[in-house]
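What follows is the residue order along each chain.
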Amino acid sequence: MPSANVYDVTEWPAGNAYEDIGAVINAIIADIKRRQTVRDSNDGGKPGAVIYIPPGDFRLRTQVVIDISFLRIAGSGHGFTSSSIRFNTPPAELERWHEIWPGGSRILVELAEPGEGAAGAAFLVQRAGNPRISSVEFADFCIDGLHFSDASNGDAENSYRNGKTGIHIASANDSFRITGMGMVYLEHGLVSHHADASTIDNNFIAECGSCIELRGMGQASKISNNLIGAGYHGHSIYAENFGGLLVSGNNVFPRGRSSIELSGVVRSSVTGNRLHAFYPGMLIFSGRCSENLVASNHFLRDHEPWAPMTRYDNGLDDQFGLLHLNGDNNSVIANHISASIDTRFLEPRGQRPVIIRIVSGTGNYVANNHIVATTERAPAGDASSSDCFSTQVEAILATENRAALDVIAIRVEPGSSRNTILDSGSAREVLMDMSANAFRATPVPGGAPN
Amino acid sequence: MPSANVYDVTEWPAGNAYEDIGAVINAIIADIKRRQTVRDSNDGGKPGAVIYIPPGDFRLRTQVVIDISFLRIAGSGHGFTSSSIRFNTPPAELERWHEIWPGGSRILVELAEPGEGAAGAAFLVQRAGNPRISSVEFADFCIDGLHFSDASNGDAENSYRNGKTGIHIASANDSFRITGMGMVYLEHGLVSHHADASTIDNNFIAECGSCIELRGMGQASKISNNLIGAGYHGHSIYAENFGGLLVSGNNVFPRGRSSIELSGVVRSSVTGNRLHAFYPGMLIFSGRCSENLVASNHFLRDHEPWAPMTRYDNGLDDQFGLLHLNGDNNSVIANHISASIDTRFLEPRGQRPVIIRIVSGTGNYVANNHIVATTERAPAGDASSSDCFSTQVEAILATENRAALDVIAIRVEPGSSRNTILDSGSAREVLMDMSANAFRATPVPGGAPN
Amino acid sequence: MPSANVYDVTEWPAGNAYEDIGAVINAIIADIKRRQTVRDSNDGGKPGAVIYIPPGDFRLRTQVVIDISFLRIAGSGHGFTSSSIRFNTPPAELERWHEIWPGGSRILVELAEPGEGAAGAAFLVQRAGNPRISSVEFADFCIDGLHFSDASNGDAENSYRNGKTGIHIASANDSFRITGMGMVYLEHGLVSHHADASTIDNNFIAECGSCIELRGMGQASKISNNLIGAGYHGHSIYAENFGGLLVSGNNVFPRGRSSIELSGVVRSSVTGNRLHAFYPGMLIFSGRCSENLVASNHFLRDHEPWAPMTRYDNGLDDQFGLLHLNGDNNSVIANHISASIDTRFLEPRGQRPVIIRIVSGTGNYVANNHIVATTERAPAGDASSSDCFSTQVEAILATENRAALDVIAIRVEPGSSRNTILDSGSAREVLMDMSANAFRATPVPGGAPN
């Protein structure tokens, strides 16, 4: 080891990192605590350490418990590959595959009894007292839940359920960094409670039940530049009781019950993201969300093109709103929204789907959004899993020769007042009390200026 | 050492990195220069080196002077923790803390005689002649100024003054990267003169007098994805005489005399940031700034909720403008601005505060900004420092049951002409010469389209 | 070597990485394949490896061929320096330079017979069969093509031609990461075919013929936070047949035949970028691009200020459009566009240049763009190459005392219908069939609301 505070899990003298990396990391943490005991040695203290995980398959049978600040756990490879495609590939075809598991610096989560919340976490961060635990970093390794396991639907590996969480941060925390990670086949990827000034950047968290969840309360954090995509009953990004969150530059794939759900979140931003979903409710503001900005995002909703997943959806109908917003004084500006819908599957049948729905609230400002609604013929669903990629790309590329679809661009529920809707649809596309709210229709060809 | 150009400060045979990492790094740089002398060995030359700083407390008593290109100094932990909370915590409470100092790969700046500018810098980059020094990189370590020291106010540790700078780049430079760094309790975090094509990304620079300063002149750089927050008399981001700067995806905390001040900056972008401040003058364009874009940002101004800091402000009154703009042909589009003001503290009393103020200039285009102004009752100021986090979050979350506040949304000074203000406020909220400038009021409920 | 799957090219027992790093990396890959043969060892498999390139000059005489997933090749320095300035500096002046070559962990591409496509690639990624090759990562090293070599113009080193490519990905691929790389003096920097979920983030790819090319088809990727600038006949960013691409937060320098060209790209985003060009056609949508969002970008076009390059351009005239768009249902919202043109060089002479040109398509939505057009006197072209930096900065800063330039802000070709143009120019600046398309002029001072 080149330096006292640099550890390599494969060089730790006790235990075997390949058989139980959890026990090894816990032993290393104990060693750090044994060595770093002086709180104040003339302005020095407890600097923490870095624990390196080289590329390799490391089973985790013991939960890692982190209760020291300034610990960095880093690998050399996020190692994502699609387990979803693999588990939906016929065995005969799978026989010919080059490899079948994710890789990189890879943690195989094999906890004996995974369960909800902290219990099922591969990495649990928890510390009582003060100060809040600070500057723990996770970087550049892979956490793989291996299998989904809820057999109730007869489709365990597509269930997005296994009681496993990648990283569960249970205590108030400051200045954490989660960067360059890969997470796959976990029921929950990252769950952080009471986060302050967190950086969650440039991760690849996909094929997880839910991907990123900020719970409890928190402030002043960013979720940026990630590639993420949750399962059909989870969230790609979820935050609650948060102020000053910045969600930007993410590319959010399907499925996801919602792409982003914010609950009781205020004075936060969702800007410059690209979001793709198969169901209504891509963006949900629940529990009163106020003074947030949703700007410069690209929203696409179309239909599931991949056979193994066509039986699933999130249970919401098309009146729910692709954007479903509760709260006051929010801004929805300069977004592009593409809704590409096969009318055979409209719920309820024959009713115009709702794109932006302001369920409650006053003072919301919705301006300069371009809503493009077209009819599509949903792909029949290709049974050949290995063609998943070209099936998906062909589906997303098929924009030509489509008919315009009649939608409710914006629906403001009765009782909501003082909302302002500008240049985001025509009068017949916007349903609201025009006397209680302000409206300017998008100009039409050859028409009057307004 | 695994390779000739890879150094670990703890393995350098002379000196002691823990006692003076500055002397050790200077000796390593001398070694690199001694070994790399041939400018052109059949298309090869002077590739530089990497100097690794493992986690640990490293005192810096000698200034590091960098005058070679392609030097990367990298650690394994940005190590931020709040020294501000710590220094405002009663000793008895502090006794029970787990740790009291920042950590990670941590430089303790203990220069004998810090001073203004280059003199007080832990890391000084300076080289005369050609080419400009290129591709120096600072990554993933912590620079800690330890203490603020200006006792003139009887409050030294909250003074944001100590004559210490983290990184001072004195010479024209090209393609530098500052990424993943932590900086804390420095009077100046990063100061770069004559920067070309700099990357300043994903750093955590907070509780510094000023955080990021681009001085002299420069072009084509980016300040992105950082978490930053300056002191009450400094700037979180400052740039001067710059073209083609991109400031995007940053989450900028209070305090900061300004969150962003640009002086003589042109053809640059401030987009997709989340900014939070306690005083007027969050964004300042001084010294004529032209053809810049300010778009898709979230601005929040409210009141200092934390007792130790309530005695400080930046000395500006509420007529100054939350955005204070000098210059021509700028664009301010699609921003959300929340101003939450306790009218007891309005300066001058009883006058409507100004949100966007165009002090001078022509051809500015201000469109589709949503300004939400409400009254708040500023928090009493909680004396218990360890509750700082929940105090702050509760303050930011408290958006309900507030009265609308009458503001001047936009004020264009007399003499300014040919500015265009669209959909950013009502006629009574916008003060300007309507015959010399263009205006379209945000539509009002039940009103005429315009 | 600290761990079985961690390699350092300088420690590989056979060959000599300094003389041919390609042969060494290929030998390492063969070793990985020899050691990792079991596809499924109780949920473990083939985790891949990391190959480390320390700082140094490494010649590459043998093409690296990568056909395993989860391989990370990483260095400790992107090592960019301007070879363009260097090769345009008089020898006498060059004699006094500190260094003349790029550095860091630097690959000198010396393939015997470089050629088009895969043949000329330093790194070739290619694998048949399933699954697609996944999670290959390139990080933090430099690929240097050394010299441009097309002498047909008598100006070989400024030709941007040498048949060399940095990284060529020939096969369908998933979850690749290219981060922190430097590339210089390559005819093609990065070329990726059939990319799914790629991350191309925080690289410095400049002075290459073309910088980033996504070819074949692909989906759900991001090109973010890069500093890039192509040669006069290449693209800084090119993508074809792509869905769900996110291009955000990039700072794109001149020259570039185009800054960004998208061909057959749909449902993608170009948001929050800063782009600078010297020619028309900065952003091109060719081959029908539909349902894309172009928002919050800063576009600047001015004139080449640097003597050695003033003889070159991209051959397009000023009627082509600074933004040249083919396709349906795209959104162009909230952009700032500065066109600074020396009318002596207008092509064709005396005709108003076109800023946004919708060549074909319906349903496009162009709103709230601020177009600032001014006349400039192009710099005479400074012969002193070492003053290149200040010449450039002075050129970009020179915004004052300029006359407004009469332009066609938006031109919609006859036959295009149902496009909507809002608040992006006056009636006399917008040329289109007003009866077939919708229009609202930017309000003018003292004028009627519309």
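## Description of the overall build of chain A
Right, so step 1: Counting secondary structure elements, chain A contains four helices and 40 strands.
Right, so step 2: Whereas a compact globule of 450 residues would reach a radius of gyration of roughly 22 Å, chain A reaches 24 Å, a difference of no more than 12%.
Right, so step 3: Over its C-alpha atoms, taken along the principal directions, chain A stretches across nearly 80 × 60 × 35 Å.
Right, so step 4: Taking all contacts inside chain A whose residues are at least 6 apart in sequence as the whole, residues at least 24 apart take part in 65%.
Right, so step 5: Accessible surface computed for chain A: about 12100 Å², of which carbon and sulfur atoms make up 49%.
Right, so step 6: Both charge centroids of chain A, one from 35 positive and one from 48 negative side chains, sit 4 Å from each other.

## Focus: the pairing of strand 3 (residues 56-60) of chain B
All names here are of chain B.
Right, so step 1: With respect to burial, strand 3 is a largely interior element, five of its five residues being buried.
Right, so step 2: Of the two faces of strand 3, the one holding Gly56, Phe58 and Leu60 and the one holding Asp57 and Arg59 are both buried throughout.
Right, so step 3: One ladder, built from five bridges, connects strand 3 with strand 6 (residues 105-109); its direction is parallel. What sits directly across from Phe58, in strand 6, is Ile107.

## Here's the deal with the pattern of salt bridges
All names here are of chain B.
Right, so step 1: Under the criterion given, the structure shown has 85 salt bridges over all chains.
Right, so step 2: With a shortest N-O distance of 3.6 Å, Glu240 and Arg215 are connected by a salt bridge. Within this pair, whereas Glu240 is found in strand 21 (residues 235-240), its partner Arg215 is found in strand 18 (residues 210-219), the two being separated by 25 residues in sequence.
Right, so step 3: The class for Arg215 is partly exposed, based on a relative accessible area of 24%.

## A look at the interface of chain A and chain B
Right, so step 1: In this complex, chain A contributes 85 residues to the contact, which on the side of chain B involves 84 residues.
Right, so step 2: Summing the contributions of chain A and of chain B, the shared interface buries around 6100 Å²; its carbon and sulfur component is 53%.
Right, so step 3: Of all residues in chain A, Arg39, Asp43 and Arg267 of chain A give up the largest surface area on contact with chain B, accounting jointly for 14% of the area buried on that side.
Right, so step 4: One can count three salt bridges joining chain A with chain B.
Right, so step 5: Class assignment of the residues belonging to the side of chain A that touches chain B gives a composition of 25 nonpolar, 42 polar and 18 charged.

## Concerning the environment of Asn153 of chain B
Right, so step 1: When you line up the elements, Asn153 of chain B lands in the loop between strand 10 (142-144) and strand 11 (165-169).
Right, so step 2: Between the C-alpha atoms of Asn153 of chain B and Thr375 of chain B, which are 222 residues apart in sequence, the distance is 31 Å.

## Quick look at the interface of chain A and chain C
Right, so step 1: Counting from both sides, the interface comprises 83 residues of chain A and, opposite them, 84 residues of chain C.
Right, so step 2: Summing both sides of the interface, chain A and chain C together bury roughly 6100 Å²; the carbon and sulfur share of this comes to 53%.
Right, so step 3: If you sort the residues of chain A by the area they bury against chain C, His98, Glu99 and Phe389 of chain A come out on top, with a joint share of 12%.
Right, so step 4: Where chain A meets chain C, there are three salt bridges.
Right, so step 5: Residues Glu99 of chain A and Arg127 of chain C are paired through a salt bridge, measuring 2.9 Å at the closest nitrogen-oxygen approach.
Right, so step 6: Between the two partners, chain A and chain C, sit 41 residue pairs in polar contact (both at pLDDT 80 or more).
Right, so step 7: Going through the elements one at a time, strand 3 (56-60), helix 3 (91-94), strand 6 (105-109), strand 30 (298-301), strand 33 (336-341), strand 36 (370-375) and helix 4 (388-397) of chain A are the ones with two or more residues in the side of chain A that touches chain C.
Right, so step 8: Among the elements that take part in the side of chain A that touches chain C, helix 4 of chain A stands out by supplying seven residues, more than any other.
Right, so step 9: Per-class residue counts for the side of chain A that touches chain C are 28 nonpolar, 38 polar and 17 charged.

## Focus: the environment of Pro443 of chain A
Residues and elements named next belong to chain A.
Right, so step 1: Of note, Pro443 is situated in the segment after strand 40 (438-440).
Right, so step 2: Overall, Pro443 belongs to the buried group, its relative accessible area being 3%.
Right, so step 3: Along the primary structure Pro443 and Ala14 are separated by 429 residues, whereas in three dimensions their C-alpha atoms are 73 Å apart.

## Some remarks on the relation of the copies chain A and chain B
Right, so step 1: Overlaying chain A with chain B gives an RMSD of 0.0 Å, the required rotation being 120 degrees about an axis along which the chain moves by 0.0 Å. Accordingly, the operation relating the two chain copies is best matched by a three-fold axis.
Right, so step 2: Here only 6% of the interface residues in chain A have copies in chain B that are interface residues too; the copies meet through unlike faces.

## Side note on the relation of the copies chain A and chain C
Right, so step 1: Turning chain A through 120 degrees and shifting it by 0.0 Å along the axis lays it on chain C, with an RMSD of 0.0 Å.
Right, so step 2: Taken as a fraction of all interface residues of chain A, those also at the interface in chain C reach only 6%, which identifies the copy contact as different-surface.

## Structural notes on the domain arrangement of chain A
Residues and elements named next belong to chain A.
Right, so step 1: Considered domain by domain, chain A is made up of domain 1 (1-188 + 198-208) and domain 2 (212-450).
Right, so step 2: Each of domain 1 and domain 2 was reduced to a C-alpha centroid, and the two centroids are 33 Å apart.
Right, so step 3: Counting residues at the interface gives 24 residues for domain 1, matched by 27 residues for domain 2.
Right, so step 4: Between Asp155 and Arg311 there is a salt bridge whose closest N-O contact spans 3.4 Å.
Right, so step 5: Our enumeration of links across domain 1 and domain 2 arrives at 23 residue pairs in polar contact (both at pLDDT 80 or more).
Right, so step 6: Mapped onto the side of domain 1 that touches domain 2, the elements with two or more residues apiece are helix 2 (83-87), strand 16 (199-201) and strand 17 (204-208).
Right, so step 7: Sorting elements by how many residues they give to the side of domain 1 that touches domain 2 places strand 17 first, with five residues.
Right, so step 8: Classifying every residue of the side of domain 1 that touches domain 2 by side-chain character gives eight nonpolar, eleven polar and five charged.

## Considering the sheet that holds strand 20 (residues 227-230) of chain C
Residues and elements named next belong to chain C.
Right, so step 1: Read across the sheet, eleven strands follow the order 3-6-10-14-17-20-24-27-30-33-36 without closing on themselves; strand pairing throughout is parallel. The outermost strands of the open sheet, each flanked by one partner alone, are strand 3 (56-60) and strand 36 (370-375).
Right, so step 2: For strand 10 (residues 142-144) and strand 14 (residues 182-184), the ladder comprises three bridges, and the chain directions are parallel. Bridge pairing links Asp144 to Val184 in strand 14.

## Re unusual backbone geometry
Residues and elements named next belong to chain C.
Right, so step 1: In this structure, the amide linkage connecting Asn130 to the following residue, Pro131, adopts the cis form with an omega of -10 degrees.
Right, so step 2: Here Pro131 lies in the loop between strand 7 (121-125) and strand 8 (133-134).
Right, so step 3: Each neighbour pair has its own omega, and for Pro254 with Arg255 the value is 0 degrees, a cis peptide bond.
Right, so step 4: Considering the arrangement of structural elements, one finds Arg255 in the loop between strand 24 (251-252) and strand 25 (258-263).

## Regarding the packing of aromatic side chains
Right, so step 1: In total, this model carries 37 aromatic pairs over all chains according to the counting rule given.
Right, so step 2: For the pair Tyr232 of chain C and Tyr312 of chain C, a centre-to-centre distance of 4.1 Å together with 5 degrees between the ring planes defines the contact as stacked. Note that Tyr232 of chain C is positioned in the loop between strand 20 and strand 21 (235-240) and Tyr312 of chain C in the loop between strand 30 (298-301) and strand 31 (323-326), a separation of 80 residues in sequence.
Right, so step 3: Judged by its relative accessible area of 8%, Tyr232 of chain C falls in the buried class.
Right, so step 4: Tyr312 of chain C sits in the buried class, given a relative accessible area of 9%.
Right, so step 5: Through successive ring pairs, a cluster of aromatic residues spans Phe87, Trp101, Phe148, Tyr160, Tyr185, Tyr232 and Tyr312 of chain A.
Right, so step 6: When the ring centre of Phe87 of chain A is taken as origin, the NZ or CZ atom of Arg86 of chain A, which lies over that ring, is 4.2 Å away.

## Section: the sheet that holds strand 6 of chain B
Residue and element names in this part refer to chain B.
Right, so step 1: Strand order in the open sheet formed by eleven strands is 3-6-10-14-17-20-24-27-30-33-36, with parallel pairing between adjacent strands. The open sheet has two edge strands, strand 3 and strand 36 (370-375), and neither has a second partner.
Right, so step 2: Relative to strand 27 (residues 274-277), strand 24 (residues 251-252) is paired through two bridges, and the arrangement is parallel. If you follow Asn251 over to strand 27, its bridge partner there is Arg274.
Right, so step 3: Taken strand by strand, helix 1 (residues 21-35) contacts strand 3 and strand 6, and its axis lies near 80 degrees from that of strand 3.

## So, helix 4 (residues 388-397) of chain B
Right, so step 1: When helix 4 of chain B is considered as a whole, its buried residues turn out to be Cys388, Phe389, Thr391, Val393, Ala395 and Ile396 of chain B.
Right, so step 2: Lining the buried residues of helix 4 of chain B we find strand 15 (188-196), strand 18 (210-219) and strand 22 (242-243) of chain A together with helix 2 (83-87), strand 27 and strand 30 (298-301) of chain B.

## A short note on helix 1 of chain B
Helical geometry: 3.6 residues make up each α-helical turn, so side chains three or four residues apart lie on a common side.
All names here are of chain B.
Right, so step 1: Here helix 1 spans 21 Å end to end across 15 residues, near enough to the 21 Å set by a 1.5 Å rise per residue.
Right, so step 2: For helix 1, the full list of buried residues reads Ile21, Gly22, Val24, Ile25, Ile28, Ile29, Asp31 and Ile32.
Right, so step 3: Of the residues that open helix 1, the one with a side-chain oxygen 3.1 Å from the backbone nitrogen of Gly22 is Asp20.

## Some thoughts on the side chain of Asn173 of chain B
All names here are of chain B.
Right, so step 1: Turning to its location among the elements, Asn173 is positioned in strand 12 (residues 173-174).
Right, so step 2: The class of Asn173 is buried, set by a relative accessible area of 0%.
Right, so step 3: When near neighbours in sequence (up to four residues on either side) are disregarded, Asn173 contacts Arg132, Ile133, Ser192, His193, His194, Ala195, Asp196 and Ser198.

How each quantity is defined
Residues numbered from 1 in each chain as written. Chains lettered and ligands numbered in written order. Predicted model: local features only at pLDDT ≥ 70, side-chain atom pairs only at ≥ 80, totals over all residues. Heavy atoms only, no water. Helix = DSSP H or I, 4+ residues; strand = E, 2+ residues; numbered from the N terminus. Rg over C-alpha atoms; globule rule 2.2 N^0.38 Å. Contact = heavy atoms within 4.5 Å. Areas by Shrake-Rupley, 256 points an atom, 1.4 Å probe, with all protein chains shown as cover. Lys, Arg positive; Asp, Glu negative; His and termini not counted. Charge placed at Lys NZ, Arg CZ, Asp CG, Glu CD. Buried < 20%, exposed > 50% of the residue type's maximum accessible area, 1.4 Å probe, protein only. Pairing = 2+ DSSP bridges. Salt bridge = Lys/Arg side-chain N within 4 Å of Asp/Glu carboxyl O. Buried area = accessible area lost by both parts, 1.4 Å probe. Nonpolar A, V, L, I, M, F, W, Y, C, P; charged D, E, K, R; others polar. Polar contact = N/O pair within 3.5 Å; in protein donor to acceptor, adjacent residues only side chain to side chain. Least-squares fit on C-alpha atoms with pLDDT ≥ 70 in both. Domains from an automatic or database assignment. Phe/Tyr/Trp six-rings, centres within 6.5 Å; stacked < 30°, edge-to-face > 60°. Lys NZ or Arg CZ within 6 Å of the ring centre and 35° of its normal. Axes fitted to C-alpha atoms, helices over the stretch in contact; angles between N-to-C directions. Expected span 1.5 Å × (residues − 1).

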